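Take a look at the letters that make up each chain.
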Amino acid sequence: MEADILTLAENLKKGDPAALARAITWVESHNPAKRKAGSELLRLLGPTKTSSMRVGISGIPGAGKSTLIEALGLEFIQRGHKVAVLSIDPSSTISGGSILGDKTRMARLSNRAEAFIRPSPSRSVFGGLAPHTCESVFLCEAAGFSIVFIETVGTGQSEADVAYVADILILVNVPGQGDELQGIKRGIMELCDLIVLNKADDENSSEVQRSLAYIKQAINYLPARAHGRTIEALAVSALKGKGINILADKIEKTFKELETEGYIFSSRQQKIKFIFLQYLRNALWAQLTQSAHVQHALNRALERISENPTELYPCVEEVMLMISKKSNS
Ligand SMILES: Nc1nc2c(ncn2[C@@H]2O[C@H](COP(=O)(O)OP(=O)(O)O)[C@@H](O)[C@H]2O)c(=O)[nH]1
Ligand SMILES: [Mg+2]
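Residues numbered from 1 in each chain as written. Chains lettered and ligands numbered in written order. Predicted model: local features only at pLDDT ≥ 70, side-chain atom pairs only at ≥ 80, totals over all residues. Heavy atoms only, no water.

Chemist: Outline the site of ligand 1, listing residues and values.
Modeler: Contacts to ligand 1 come from 16 residues, most closely from Gly62, Lys65, Thr67, Arg105 and Asp201. Interatomic distance of 3.1 Å between a side-chain N/O atom of Asn198 and a nitrogen atom of ligand 1. When isolated, ligand 1 has an accessible area of 580 Å², and the protein chains bury 74% of it. Counting residues per element, the shell around ligand 1 draws most heavily on helix α4 (residues 65-78), at 3 residues. Broken down by class, the residue content of the shell around ligand 1 amounts to 5 nonpolar, 6 polar and 5 charged. (Near = heavy atom within 4 Å. Polar contact = N/O pair within 3.5 Å; in protein donor to acceptor, adjacent residues only side chain to side chain. Areas by Shrake-Rupley, 256 points an atom, 1.4 Å probe, with all protein chains shown as cover. Helix = DSSP H or I, 4+ residues; strand = E, 2+ residues; numbered from the N terminus. Nonpolar A, V, L, I, M, F, W, Y, C, P; charged D, E, K, R; others polar.)

Below you can see the structure in the form of structure tokens.
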């Protein structure tokens, strides 16, 4: 394994896609030996000196996230970038996954030597996507990728988690979404830096204009972001390639400004602490609930609480008691 790790590190640093794919498999693995090899590899590679732009792309399924990433990816390649795409795939198991899904959707991008596309499971060994996605981003950077897109599944926790990994978060909307749906998206709207109205194939259509006006109005009601910028809205058509260069300009400009202000560096520092704590909490939970006694106490408490909902605290105490007995024995 040791020699394997060294060889892999060398090949990865040369930008070999097979080495990168293998390394990502290691950090995502449920197999403790592979997982350990993955950490060893990351330690060996160390922090990369060049910083990549980490761009999260969020939005409901079908909004055109993958199509948009393909269009943006090709644009950034033209600008001299190497583009990695990590698409969070809920159906992907840790061992493999539905690689076909997004690769076929990004056929033109995946044919390019400057691009690397990889579906990533939405849950790691210890739950949540942030820890392993974050490590996969580090690996992409070590392999020389200068922009990393992280595409979420557009539902649930992955949306909030991706904000911990990305420097810039883009929310993809489509014309004609009702107020109700926009409301659901409020949580993610508060985290994003740019809102893209995709499928604006005809930017002058009344539906596009209405949706854009609605988004701009909604932005006014959002609290200010930590970096003090207002969220911008932009209509594009990923399919027709409209507005893609403007969007790419905005991404580059925002990133450069935030980097110059030191915001990228400090927010990455903050975020990695959160990720570490999430990782640790999940690891602790996994370890504590390994014991059959604790599992038994946990099941008993779950049963008790379902019958006596007011006994939340005593039930917690009961399990805690068993945990401390186990850790002292
Ligand atoms: N008309 C139109 N269709 C689009 C546009 N972008 C994506 N689509 C289509 O929307 C569907 C879903 O796109 P996809 O990128 O897979 O969405 P995702 O689930 O958000 O990744 C596909 O059939 C795309 O061809 C666009 O700008 N205009
Ligand atoms: Mg997609």
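Structure shown, so let's carry the discussion forward.
Chemist: Now, about the side chain of Arg35: what can you tell me, with residues and values included?
Modeler: Mapped onto the elements, Arg35 comes out in helix α3 (residues 32-45). A polar atom in the side chain of Arg35 sits 2.8 Å from the side chain of Glu135.

Chemist: Tell me about α3, and name the residues and values.
Modeler: Its 14 residues place the ends of α3 20 Å apart at the C-alpha level, agreeing with the 20 Å of an ideal helix rising 1.5 Å per residue. Looking at the buried positions of α3, the neighbouring elements they touch are α1 (2-13), α2 (17-28), α7 (130-142) and α13 (263-288). Of the residues that open α3, the one with a side-chain oxygen 2.8 Å from the backbone nitrogen of Ala33 is Asn31. One or two positions beyond α3, positive phi appears at Gly46, with a value near 70°. (Expected span 1.5 Å × (residues − 1). Contact = heavy atoms within 4.5 Å.)

Chemist: A description of the environment of Thr254 should follow, citing residues and the corresponding values.
Modeler: Tracing the backbone through its elements, the reader meets Thr254 in helix α12 (residues 244-260). Spatially, the C-alpha atom of Thr254 lies 8.8 Å from that of Asp193, the residues being 61 residues apart in sequence. Ignoring any residue separated from it by four or fewer positions in sequence, one finds Thr254 in contact with Ile168 and Arg229.

Chemist: Explain the coordination of the magnesium ion (ligand 2) residue by residue, including any values.
Modeler: Geometrically, a metal with four donors at the corners of a regular tetrahedron has ideal angles of 109.5 degrees, and one with six donors at the corners of a regular octahedron has ideal angles of 90 or 180 degrees. Within the first shell, the magnesium ion (ligand 2) binds the protein through Ser66 (OG) and Glu151 (OE), at distances of 2.1 Å. Of this pair, Ser66 sits in helix α4 while Glu151 is found in strand β4 (residues 147-151), placing the two residues 85 residues apart along the sequence. Assessed through its relative accessible area of 5%, Ser66 is described here as buried. (Donors = N, O, S within 2.8 Å, 3.2 Å for Na, K, Ca; no water. Buried < 20%, exposed > 50% of the residue type's maximum accessible area, 1.4 Å probe, protein only.)

Chemist: Pulling in residues and values, what's your account of the pattern of salt bridges?
Modeler: Per the stated rule, a full pass over the model turns up 19 salt bridges. With its nearest N and O atoms 3.9 Å apart, the salt bridge here joins Lys13 to Glu10. Here the residue Lys13 and the residue Glu10 both occupy positions in helix α1, the gap between them amounting to 3 residues, near one helical turn. Judged by relative accessible area, Glu10 falls into the partly exposed class, the value being 42%. One salt bridge connects Arg112 with Glu114, and the closest N-O pair in it is separated by 3.3 Å. Residue classification places Glu114 among the partly exposed positions, given a relative accessible area of 27%. (Salt bridge = Lys/Arg side-chain N within 4 Å of Asp/Glu carboxyl O.)

Chemist: Before we move on, could you go through the environment of Gln209 and cite the residues and values that matter?
Modeler: Tracing the sequence through the fold places Gln209 in helix α11 (residues 206-220). Sequence-wise, Gln209 and Ala235 are 26 residues apart; in three dimensions their C-alpha atoms are separated by 9.0 Å. The residues touching Gln209, leaving out its near neighbours within four places in the chain, are Glu203 and Asn204. Engagement of the side chain of Gln209 in a polar contact is seen with the backbone oxygen of Glu203, the distance being 2.6 Å.

Chemist: Go over the nonpolar core with me, naming the residues and quoting the values.
Modeler: Soluble globular proteins tend to pack their nonpolar side chains together in the buried interior. In terms of nonpolar packing, the biggest core is built from 49 residues, with Leu12, Leu20, Leu41, Leu139, Cys140, Ile150 and Ile195 touching the most fellow members. Two domains share this core, each providing at least three of its residues, namely domain 1 (1-46) and domain 2 (48-272). With near-sequence residues (within four places) excluded, Leu139 lies in contact with Leu12, Leu20, Ala23, Ile24, Val27, Leu41, Leu42 and Leu45. Counting residues in hydrophobic clusters, the runner-up holds 36 residues, among them Met53, Leu68, Ile77 and Ile117. (Core = buried A, V, L, I, M, F, W, Y, C linked by side-chain atoms within 4.5 Å. Domains from an automatic or database assignment.)

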